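# Summary of structural features
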Amino acid sequence: MKDKALTPKFPVMLHGGDYNPEQWLRYPDILDKDIELMREAHINVVSLGIFSWADLEPEKDVFTFEWLDRVINKLWDNGIHTVLATPSGARPQWLAQEYPEVLRVAEDGRRNLFGHRHNHCYTSPAYRERIRIIDTKLAERYASHPAVILWHISNEFGGECHCDLCQNAFRHWLKQKYGTLDELNHAWWSHFWSHTYTEWNQIHSPSSIGETSIHGLALDWKRFVTEQTRDFMQWEIDCVKAVNPEIPVTANFMEVFNYGLNYYELCKPLDVISWDAYPDWHVTWGNDRVGMIASLSHDMMRTLKHRSFLLMENTPSTTNWRGVSKLKKPGMHLLSAVNAIAHGSDSTMYFQIRQSRGSTEKFHSAVISHTGTGNTRTFREVTKVGELLEALTAEVYGTNAPAEVALIFDPETKWALDQCNGPRNSGLDYFGALFSCYHYFWMRGITVNIADPHEDLSRYKLVIAPMLYLFRDGFQDRVRKFVRNGGTFVSTVFSGIADSTDLVMLGEATEEKLSDVMGYWIEETDALHDGETNSMSAGRYQLTELCEILHPTTCEVLETYDQDYYAGYPVVTCNRYEKGQAYHIAATVPEAYLDELFEELAGELNLTSALPENVVIPHGCSVTWREAENREKLVFIQNFSDEERTLSLLPDYRVLAVSEGAQMESSSITVGAFGYAIIRVK
Ligand code: GAL
């Protein structure tokens, strides 16, 4: 089934990226040549104005939009649309000079000097006022231009400011939340070490030279930072929507692991989800792993609005900010684009169209390199992506991927685990816990939503909560209802330990701890040193990191510890609860065990997968699907390995696109290294 178009004015798969003509205004020939090359590369959209404030308003209240008029019009004459950015991601010198309050203050109280980008206070009234003026002017000038299809609000919102304005806003936010200091002191457990607050203005954001021991404060500060960022973003959205509410808005997010912000909250005012994916291809530990992590991020972006999203940035070849800047090997750029589309993207867009000549990004790759020609391998691969997107628009654009499985990812749990002081300060691998639960489904082509704890669970058959340390905001009631109605729930070690302000839940077996659903109570948790193991299944599976010692009440015990003084205690349990069942895995188990458990559950729950069970997915490959009309499947076969791979026993299929050299037989397909095949099956 197709959803409403992300960009109704131009409802096709988008191909393009960040274009920075303001860096090239002294080179008119280059700008003309760029447009020719864009057409050759099948580019149909560019993002303009992201960092152009100084060229749009060189002095306070002096506006110079003429160059942007020329660029937008010339691109439009050549059939290229515009995603127009608001310029708040980087401010001009004059603004910081006149209003020093716009510059961020670090956690140690030092105000930044002018420099870099994303260095502004979201609370500052001066910043908000100047951005209101420029955003409104941009909207008045361009929001009805036929070329403009989408607003790109700021750039990669992130970071935090600790200035006095922010401290006061934080205190105000806390007053709204807690009402009284008594409530706050209890929620934060601040009688500990005599840190009790007796006046609101004693509250200060966490700082390495101040308060770091009050965990509730740290959690609330991070929530406030997300809220303040959202409020600033809303401010900008209101400015542009006031002029023309018809143009949708997006803000380019970063990867899931940028957990400084809670995207599940931040995304609420946006019409369209978009994000910037920079997978670390060609690392020594394997492209299939890199592909899996990228896939999980794509799945999260799709889950935010339960529909397709835009890949707003990816690199045509290499980044320049990693320890080692690897080029994408032949084929990898196409595979990486296919991977994003497979998981729900309706675009492939780049940072950047033309490579900068100087400054900090001059060695970041671009569609058009310093050579200024189309005669590069990167340019040719980009062109192939453009052709592919054109070919896919009719069947793929706007289709969704219904998920029967949810993997719960809670950025707030990550924040809490990072500061939890025990049981394993040398590493509580929250992301590792997510990845190992995701692996089986990713490989097998069973769509997984990466959902936060507020998700309505009734749409799923299977809900997995890896290391969900915080049970907050009524999550327990949603799980109870889900299992009661026949759902299968799986939690893993160190879940359900603390509540929303990081207060540990009291009691042995309690409803707050979901003990009625899970059927056990936990006595204590042992931590293992790096390299130390326990095991289960007579040594078949090695256990690492954390081992809970638990007592069954009503659950069945499926696996027990082999060793140590808790040998014989349960590791894996299953509790029947009304119409459903709840599993718990009480130790850090290897991915191989989870693969087997989830394979069993996938069969038992009859989970929909991209391809029938008898099709073996070769090592290094994954399959994914989006739903075509007539309930047919658009299946994306992706080979992340650097060797040829064959999938046999395929059902009747029709080819939509394949990588170069792929061989198709009636019931098999062979693709080369970093190859792909996109097929349609009944
Ligand atoms: C992104 C950013 C772009 C560019 C790119 C380089 O995070 O939004 O402006 O800097 O990284 O990889």
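Notes on the structure in this doc start here. Everything numeric in this text was worked out from a predicted model, so none of it was measured.

### Let's talk about the pattern of salt bridges
Enumeration over the complete set of coordinates arrives at 39 salt bridges. In this structure, E227 engages R230 in a salt bridge whose closest nitrogen and oxygen atoms are separated by 2.9 Å. One end of the pair is E227 and the other is R230, both in helix α8 (residues 215-243) and 3 residues apart, which spans about a single turn. Classification of E227 as partly exposed rests on a relative accessible area of 26%. One salt bridge connects R680 with E632, and the closest N-O pair in it is separated by 2.7 Å. Here E632 lies in the loop between β20 (621-627) and β21 (633-639) and R680 lies in strand β26 (residues 676-681), a separation of 48 residues in the sequence. A single burial state applies to R680 and to E632, both of which are buried. One network of salt bridges, with partners in common, ties together K177, D220, R223, D410, E412, R472 and D473.

### A word on the site of the ligand
The environment of the ligand is made up of F51, R117, N155, E156, D276, Y278, E313, W321, F351, E361 and H364. Between the ligand and the protein, one listed contact pairs an oxygen atom with a side-chain N or O atom of E156 at 2.5 Å. Take E361: an N or O atom from its side chain is 2.3 Å from an oxygen atom of the ligand. Protein chains bury 94% of the 310 Å² of accessible surface belonging to the ligand in isolation. Grouping the amino acids of the shell around the ligand by side-chain chemistry returns 4 nonpolar, 2 polar and 5 charged.

### A short note on the sheet that holds strand β22 (residues 645-648)
Paired through their backbone hydrogen bonds, the strands of a sheet run either parallel or antiparallel. If you walk across this open sheet you meet the 3 strands as β22-β25-β24, and the pairing is antiparallel. Looking at which strands have only one partner, the edges of the open sheet turn out to be β22 and β24 (663-664).

Rules of the game
Within each chain, residues carry numbers counting from 1 in the order of the written sequence. Residues qualify for local features only when their pLDDT is at least 70, as the model is predicted, and side-chain atom pairs are given and counted only at 80 or more; totals for whole chains, interfaces and linings, by contrast, use all residues. Water and hydrogen atoms play no part in the side-chain values, which are based on all heavy atoms of the structure. Here a salt bridge means any side-chain nitrogen of Lys or Arg lying within 4 Å of a carboxyl oxygen belonging to Asp or Glu. Note on conventions: DSSP H or I runs of at least 4 residues are helices, E runs of at least 2 residues are strands, and numbering of each starts at the N terminus. Any residue under 20% of the maximum accessible area for its type is buried, any over 50% is exposed, and the rest in between are partly exposed; the area is computed with a 1.4 Å probe on protein chains only. The criterion for a residue being near a molecule or strand is simple. One of its heavy atoms has to lie within 4 Å of it. A 3.5 Å cut-off defines polar contacts: any pair of N or O atoms within that distance qualifies, except that in protein one atom must be a possible hydrogen donor and the other a possible acceptor, and neighbouring residues in sequence count only when both atoms are side-chain atoms. The accessible surface values rely on the Shrake-Rupley method and a 1.4 Å probe; as for residues, cover is taken only from the protein chains in view. As a working rule, the residues Ala, Val, Leu, Ile, Met, Phe, Trp, Tyr, Cys and Pro are called nonpolar, Asp, Glu, Lys and Arg charged, and the rest polar, with Gly in that last group. At least two DSSP bridges between two strands are needed for those strands to be called paired.

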